[in-house]
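Spelled out from the first residue to the last, the chains are:
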Amino acid sequence: MQFQNKNILIIGASSGIGLELVHLLNSEGANVFAASRNPSDSWPESIQYIKLDVMLEAGILSEVLPAELHGFVYCVGNINLKPFSRITENDLIADFKLNVVGAALSIQQSLKSLKSATAASIVMISSVAARTGMAYHASIAASKAAVEGLAISLAAELSGSQIRVNVVAPSLTDTPLASKLLNTPEKMEASAKRHPIGRYGSVQDISSAIRFLLSPESSWITGQVIPIDGGMSNLKTTF
Ligand SMILES: NC(=O)c1ccc[n+]([C@@H]2O[C@H](COP(=O)([O-])OP(=O)(O)OC[C@H]3O[C@@H](n4cnc5c(N)ncnc54)[C@H](OP(=O)(O)O)[C@@H]3O)[C@@H](O)[C@H]2O)c1
């Protein structure tokens, strides 16, 4: 029960990676505060729901969080794929707001509680596309690269408060967000083959890494971006 009596806020907790993380941390004794626009039917009863739309109202968080917050995870994000010529100003602004501004304002709102806890940990989610060039990813890659910049700067600024800040950078992971990329056997097979390890990601692959970054096992790791991508970002297996 690694997380017994630990208060963990998961924003984007009703689906995909965030939902898996809710179950994982709950099973290890955490008090999970789950924020999203909608609740999930599959949450355990003990979950404390915070209704939140990060595009509108990060400002409510400070009023509802506990005095001490040991972990903060921002699982909100999107996959906005378009040819560069069709990306609009609205796409760029909306992607930045959802992935970067939402995270930054939510962390600001949580800071007092994070500082009050001993050795708190913040985890954000980037994407393999932030550092590996991929066609049609210009807008989301720009926003995810900004998530990484936000995290590394905050890691420096908050180190004096013993708050660690890290990022995980997944490749394609089987969640509702990625369903259009994995909705036929052909797409599933092609996606699996694109990864050196021979498969796309599962929510367990990503949530177990986030769990590690929240835990004391990673207490000397801060300011890092950890690729979780089946080797996609760093390996070349065909010649
Ligand atoms: N899946 C992939 O292949 C993949 C690859 C690389 C990176 N990522 C990143 O991984 C993270 C998690 O993605 P996922 O695949 O788990 O996505 P997902 O299944 O769509 O889950 C996203 C979560 O964010 C919440 N959310 C969305 N908009 C929100 C808003 N305006 N305010 C508050 N909550 C909001 C959703 O809940 P509500 O709809 O109830 O608000 C949901 O709980 C994202 O940052 C994504 O960019 C995913």
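Within each chain, residues carry numbers counting from 1 in the order of the written sequence. Totals for whole chains, interfaces and linings use all residues, but because this is a predicted model, local features are given only for residues with pLDDT of at least 70 and pairs of side-chain atoms are given and counted only at 80 or more. To obtain the side-chain values, all non-hydrogen atoms of the structure were included, while hydrogens and water were left out.

Where an unreviewed UniProt entry is consulted, the protein appears under the name NAD(P)-dependent dehydrogenase, short-chain alcohol dehydrogenase family, with the organism given as Pedobacter terrae. UniProt positions are given in the numbering used here, feature names are shortened, and annotations may be inferred rather than shown by experiment. Its UniProt record gives the protein the following Sequence similarities (unreviewed entry) comment, quoted word for word: "Belongs to the short-chain dehydrogenases/reductases (SDR) family."

Aromatic contacts are taken between Phe, Tyr and Trp rings whose centres are within 6.5 Å, Trp giving its six-membered ring; a plane angle under 30 degrees counts as stacked, one over 60 as edge-to-face, and the others as tilted. Under the definition given, this model contains one aromatic pair. Seen in terms of ring centroids, Trp 43 and Tyr 49 are 5.3 Å apart; in terms of plane orientation they differ by 50°. Their pairing is tilted. With relative accessibility at 12%, the residue Trp 43 sits in the buried group. Exposed residues in this analysis have more than 50% of their type's maximum accessible area, buried residues have under 20%, and partly exposed residues fall in between, with area computed by a 1.4 Å probe over protein chains only. Assessed through its relative accessible area of 31%, Tyr 49 is described here as partly exposed.

Here the focus is helix 4 (residues 138-158). Helix and strand definitions follow DSSP, with helices as H or I runs of at least four residues and strands as E runs of at least two, each counted in order from the N terminus. To estimate the expected span of a helix, subtract one from its residue number and multiply by 1.5 Å. The first and last C-alpha atoms of helix 4 sit 30 Å apart over 21 residues, in line with the 30 Å expected at 1.5 Å per residue. Buried residues of helix 4: Ser 139, Ile 140, Ala 141, Ser 143, Lys 144, Val 147, Glu 148, Leu 150, Ala 151, Leu 154, Ala 155 and Leu 158, and no others. Throughout, a contact is declared for two residues whenever any of their heavy atoms are within 4.5 Å. Along its buried surface, helix 4 packs onto helix 3 (89-116), strand 5 (121-125), strand 6 (164-170) and strand 7 (225-228).

For the rest of this paragraph, the subject is the layout of surface pockets. Any residue with an atom within 4 Å of a point lines the site, the site being either a cavity, points on a 1 Å grid over the protein atoms alone where a 1.4 Å probe fits but cannot get out, or a pocket, an open set with protein on both sides within 12 Å along at least 5 of 7 lines. Grid points are joined across faces, edges and corners, and a volume is the space filled by probe spheres set on the points. In this model, the largest pocket occupies a volume close to 1100 Å³. In this structure, the largest pocket is lined by 46 residues; those nearest its centre are Gly 77, Asn 78, Ile 79, Thr 175 and Leu 177. Elements supplying a minimum of two residues to the lining of the largest pocket: helix 1 (16-27), strand 2 (31-36), helix 4 and helix 5 (185-193). At three residues, the largest contribution of residues to the lining of the largest pocket is made by helix 1.

Moving on, we come to the environment of Arg 199. Mapped onto the elements of the fold, Arg 199 is located in the loop between helix 5 and helix 6 (203-214). Sequence-wise, Arg 199 and Leu 172 are 27 residues apart; in three dimensions their C-alpha atoms are separated by 9.4 Å. A 3.5 Å cut-off defines polar contacts: any pair of N or O atoms within that distance qualifies, except that in protein one atom must be a possible hydrogen donor and the other a possible acceptor, and neighbouring residues in sequence count only when both atoms are side-chain atoms. In this structure the side chain of Arg 199 is engaged in a polar contact, spanning 2.7 Å, whose partner is the side chain of Asp 205.

The end-to-end C-alpha distance of helix 6 is 16 Å, a good match for the 16 Å that twelve residues give at a rise of 1.5 Å each. Those residues of helix 6 lying buried are Val 203, Ile 206, Ser 207, Ala 209, Ile 210, Arg 211, Leu 213 and Leu 214. Looking at the packing, one finds that the buried side of helix 6 touches strand 1 (7-11), helix 1, strand 4 (71-74), strand 5, strand 6 and strand 7.

This paragraph deals with the sheet that holds strand 3 (residues 48-51). Read from one edge of the open sheet, seven strands run 3-2-1-4-5-6-7, paired in parallel fashion. Edge positions in the sheet fall to strand 3 and strand 7, since each has one partner strand and no second. If you compare each strand with its neighbour and ignore which way they point, the axes differ by 20° on average. Against the sheet, helix 1 touches strand 1, strand 2, strand 4 and strand 5, its axis set at about 165° to strand 1. Helix axes are fitted only over the stretch in contact, all axes being lines through C-alpha atoms; the angle between N-to-C directions runs from 0 to 180 degrees. Against the sheet, helix 6 engages strand 1, strand 4, strand 5, strand 6 and strand 7, with an angle of about 170° to strand 6. For two strands to count as paired, DSSP must find a minimum of two bridges between them.

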